[in-house]
Amino acid sequence: MKKNISKIFAIVTISLMVLLTAEGVSASQGPRDFDKSGVKMGEYSFLFGDNGTYFRKDDWTTQRIYLSYASTSLANPCNSCQYAIRAIDDGGDWSSSIVLKIATHGQLDAKETQASPGRYNLQAMRSDVTLMSSRITGTWWID
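Residues numbered from 1 in each chain as written. Predicted model: local features only at pLDDT ≥ 70, side-chain atom pairs only at ≥ 80, totals over all residues. Heavy atoms only, no water.

### A look at the side chain of arginine 126
Here arginine 126 shows up in strand β8 (residues 118-126). A polar side-chain atom of arginine 126 sits 2.7 Å from a polar atom in the side chain of aspartate 128. In terms of polar contacts, arginine 126 uses its side chain to reach the side chain of serine 134, at 2.8 Å. Setting aside chain neighbours within four positions, we find arginine 126 in contact with Val39, Lys40, Met41, Gly42, Thr72, Cys81, Gln82, Tyr83, Met132 and Ser134. (Helix = DSSP H or I, 4+ residues; strand = E, 2+ residues; numbered from the N terminus. Polar contact = N/O pair within 3.5 Å; in protein donor to acceptor, adjacent residues only side chain to side chain. Contact = heavy atoms within 4.5 Å.)

### Quick look at the packing of aromatic side chains
Applying the stated criterion to the full structure yields 5 aromatic pairs. Note on phenylalanine 48 and tryptophan 140: the rings are 5.5 Å apart at their centroids and 35° apart in plane angle, and the pair reads as tilted. Here the residue phenylalanine 48 occupies a position in the loop between β2 (45-46) and β3 (55-57), and tryptophan 140 occupies one in strand β9 (residues 134-141), the gap between them amounting to 92 residues. Across the pair, exposure class does not vary: phenylalanine 48 and tryptophan 140 are buried alike. Taking 6.0 Å as the distance between ring centres and 75° as the angle between the ring planes, the aromatic pair formed by phenylalanine 55 and tryptophan 140 counts as edge-to-face. Of this pair, phenylalanine 55 sits in strand β3 while tryptophan 140 is found in strand β9, placing the two residues 85 residues apart along the sequence. The residues phenylalanine 55 and tryptophan 140 share a single accessibility class, namely buried. (Phe/Tyr/Trp six-rings, centres within 6.5 Å; stacked < 30°, edge-to-face > 60°. Buried < 20%, exposed > 50% of the residue type's maximum accessible area, 1.4 Å probe, protein only.)

### Describing the nonpolar core
In this structure, Phe34, Ile65, Tyr83, Ile85, Leu122, Ile136 and Trp140 are the most contacted members of the largest nonpolar core, which totals 23 residues. Of all the elements in the fold, those that place two or more residues in this core are β1 (31-39), β4 (64-71), β5 (83-89), β6 (97-100), β8 and β9. Contacts of isoleucine 85, omitting those with residues within four sequence positions, involve Ile65, Ser97, Ile98, Leu100, Leu108, Leu122, Gln123 and Ala124. (Core = buried A, V, L, I, M, F, W, Y, C linked by side-chain atoms within 4.5 Å.)

If you want it as structure tokens, here you go:
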């Protein structure tokens, strides 16, 4: 009986260690792809979820963004379209934005609060003058 209890205890202990190790490995958010329609001038839209789905940032690295594609109903692709993109935390605070066009990389200033650990989403809007809404796709490196 004692042998069975010892075996069960060993299996449970090893299982917990494997589970906790796996959880630690998966903590990095890695790159997140976005594809958002209806991006308009003068109105920020969340890039992940309509009400804002927030992702955990565990370290002090700079958040990076790559805008891979943009289009409107008249321009597909829209090489001249410009987009202001900002990180916003789950408290609604943001401190800077960057302006990107197709096939450009940008990073949010590491001196700003977006470098700190927390929970973030991205917001975007057209920053050039237009009445057309856009569709944008890209990648966000939160960690």
